[in-house]
Amino acid sequence: MRMKSDDYVKFLTEQFVRYMNQPKSERKRRREAKRKSRTAFRNEMFGLLPNALGHYANRIKRARLRLPWRPKLFR
């Protein structure tokens, strides 16, 4: 089912009026909540690969600090 152009304009007008009738603090709170719920840009572009590489790097770093001797891999 297709919307006619006048129906679409009516819909947009209703949405705009509803938005403008909200208190400013409510609009700001919703904007902040939407911003916080967004995924990180690097995850959006590259998936979980950056997260996995960071996790792996942290594991190596922790292992390096924990070992009293240093294998060739960590030098």
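Residues numbered from 1 in each chain as written. Predicted model: local features only at pLDDT ≥ 70, side-chain atom pairs only at ≥ 80, totals over all residues. Heavy atoms only, no water.

### A word on the overall build of the chain
Here's step 1: For the chain, the count of helices and strands is four helices and zero strands.
Here's step 2: Taken from N to C terminus, the helices and strands of the chain fall in the order α-α-α-α.
Here's step 3: Per-residue burial for the chain yields a buried fraction of 5% across its 75 residues. (Helix = DSSP H or I, 4+ residues; strand = E, 2+ residues; numbered from the N terminus. Buried < 20%, exposed > 50% of the residue type's maximum accessible area, 1.4 Å probe, protein only.)

### Let's talk about the packing of aromatic side chains
Here's step 1: By the definition in use, this model includes zero aromatic pairs.
Here's step 2: The ring of Tyr19 is capped by Arg27, whose NZ or CZ atom sits 5.4 Å from the centre of that ring. (Phe/Tyr/Trp six-rings, centres within 6.5 Å; stacked < 30°, edge-to-face > 60°. Lys NZ or Arg CZ within 6 Å of the ring centre and 35° of its normal.)

### Overview of the side chain of Gln22
Here's step 1: Relative to the assigned elements, Gln22 resides in the loop between helix H1 (5-21) and helix H2 (24-37).
Here's step 2: The buried category is assigned to Gln22, whose relative accessible area is 18%.
Here's step 3: Beyond its immediate stretch of four places on either side in the chain, Gln22 contacts Arg27 and Arg30. (Contact = heavy atoms within 4.5 Å.)

### With respect to the environment of Glu32
Here's step 1: Within the secondary structure layout, Glu32 lies in helix H2.
Here's step 2: A polar side-chain atom of Glu32 sits 3.1 Å from a polar atom in the side chain of Arg35. (Polar contact = N/O pair within 3.5 Å; in protein donor to acceptor, adjacent residues only side chain to side chain.)

### So, the pattern of salt bridges
Here's step 1: According to the stated counting rule, one finds three salt bridges in the structure shown.
Here's step 2: Here Glu26 and Arg30 are joined by a salt bridge, their closest N and O atoms 3.2 Å apart. In this pair, Glu26 and Arg30 are both assigned in helix H2, four residues apart and thus about one turn of the helix distant.
Here's step 3: The class of Arg30 is partly exposed, set by a relative accessible area of 48%.
Here's step 4: Here the residues in one salt-bridge network are Glu26, Arg29 and Arg30, joined through shared partners. (Salt bridge = Lys/Arg side-chain N within 4 Å of Asp/Glu carboxyl O.)

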